[in-house]
Amino acid sequence: MLDAFAGSGTTAHAVLNLNAADGGDRKFILIEMEPYAETITAERVRRIGGNFDYYEVGEELFIDDDINPNVDIEQVRAYVWATETATEYVKPDVEDCAAFMGVYKGEAYYFHLGALDRDFLATMRTRADAYVIFAESCAVGEEFLRKYKIEFRKIPRDIIIER
């Protein structure tokens, strides 16, 4: 059961009561944007014995198709990694440039706030079968990109933004 306007948690209460009455295993997802989500909604579910996880959503990553300047860039990298690979982002501990996100299925991923140019490419240390580089612009030619198996993706245009 999905309740996008959870209010005081009535939906969760009803689902838990039904499960208790017939031994069911129904699940629920509650969404509440008001500040009382923790003190009223979640507290009601706790009181009636609900086993649940509670999450608070942070700031929007994108505002008007631009990266939100109030968001930590590591959060954006984690989002990009997850949308590209469908896996959880773990900040790499290898020695590479700060833009390096990791390798997935032979492709090295980079997220660089700047131009994809020869100076940036010289900072990359990881060797891979191919490279996916998110950057604000590209200052190297198509032939160079093809030769070195580099796929340029423009920030923010080529980031998957689900709305």
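Everything in this summary refers to the structure shown in the same document. What you are looking at is a predicted structure, and each value in this text was computed from that prediction instead of being measured.

Quick look at the overall build of the protein chain
The number of helices and strands found in the protein chain is five helices and eight strands. Walking the protein chain from its N terminus toward its C terminus, one meets helices and strands in the order β-α-β-α-β-β-α-β-β-α-β-α-β. Computed over C-alpha atoms, the radius of gyration of the protein chain comes to 22 Å, more than 25% over the 15 Å expected from 2.2 N^0.38 for 163 residues, which places it beyond the range of a compact globule. With respect to the three principal axes, the spread of C-alpha positions in the protein chain is 65 × 30 × 25 Å. By residue count, 35% of the 163 residues in the protein chain fall in the buried class. For the protein chain, contacts bridging at least 24 residues in sequence account for 37% of all contacts bridging at least 6. In the form shown here, the protein chain has an accessible surface area of approximately 10700 Å², with 51% of it arising from carbon and sulfur atoms. Side chains of the protein chain carry 18 positive and 31 negative charges; the gap between the two charge centres is 5 Å.

A short note on a negative patch on the surface
Taken together, the side chains of Glu 59, Glu 60, Asp 64 and Asp 66 present a region of like negative charge at the surface. Here Glu 59 shows up in the loop between helix 2 (38–47) and strand 3 (62–63).

Considering the pairing of strand 6 (residues 107–116)
Of all ten residues making up strand 6, seven are buried, and the element is well covered by its neighbours. Bridging between strand 5 (residues 100–104) and strand 6 involves four bridges; their strand directions are antiparallel. Bridge pairing in strand 6 links Tyr 104 to Glu 107. In sequence, strand 5 turns back onto strand 6 through a hairpin of two residues, with Lys 105 there showing a positive phi of about 50°. Of the strand pairs in this sheet, strand 6 and strand 7 (residues 130–138) are connected by eight bridges, and their pairing is parallel. Following the sheet pairing, Ala 108 is matched in strand 7 by Tyr 131.

What counts and how
- Residue numbering note: each chain is counted from 1, following its sequence as written.
- Note on the predicted model: pLDDT of at least 70 is required for a residue's local features to be given, and 80 or more for side-chain atom pairs to be given and counted; whole-chain, interface and lining totals, by contrast, use all residues.
- Hydrogens and water are ignored here; the side-chain numbers use all heavy atoms of the structure.
- The helix count covers DSSP runs of H or I at least four residues long, the strand count covers runs of E at least two residues long, and both are numbered beginning at the N terminus.
- Here the radius of gyration uses the C-alpha set of atoms, whereas the globule reference equals 2.2 Å times the residue count to the power 0.38.
- Residue exposure (1.4 Å probe, protein chains only): buried if accessible area is under 20% of the type maximum, exposed if over 50%, otherwise partly exposed.
- Should any heavy atoms of two residues lie within 4.5 Å, those residues are considered in contact.
- What sets the accessible areas is the Shrake-Rupley method with a 1.4 Å probe; for residues, cover comes only from the shown protein chains.
- In this tally, Lys and Arg are treated as positive and Asp and Glu as negative; His is ignored, and so are the chain termini.
- Where a charge lies is defined by one atom per residue type, namely NZ (Lys), CZ (Arg), CG (Asp) and CD (Glu).
- Patch building starts from residues that exceed 30% relative accessible area and form no salt bridge, then joins like charges within 9 Å and nonpolar side chains (Val, Leu, Ile, Met, Phe, Trp, Tyr) within 5 Å.
- Salt bridges, as used here, are contacts in which a Lys or Arg side-chain nitrogen is within 4 Å of a carboxyl oxygen on Asp or Glu.
- In short, DSSP must find at least two bridges between two strands for them to pair.

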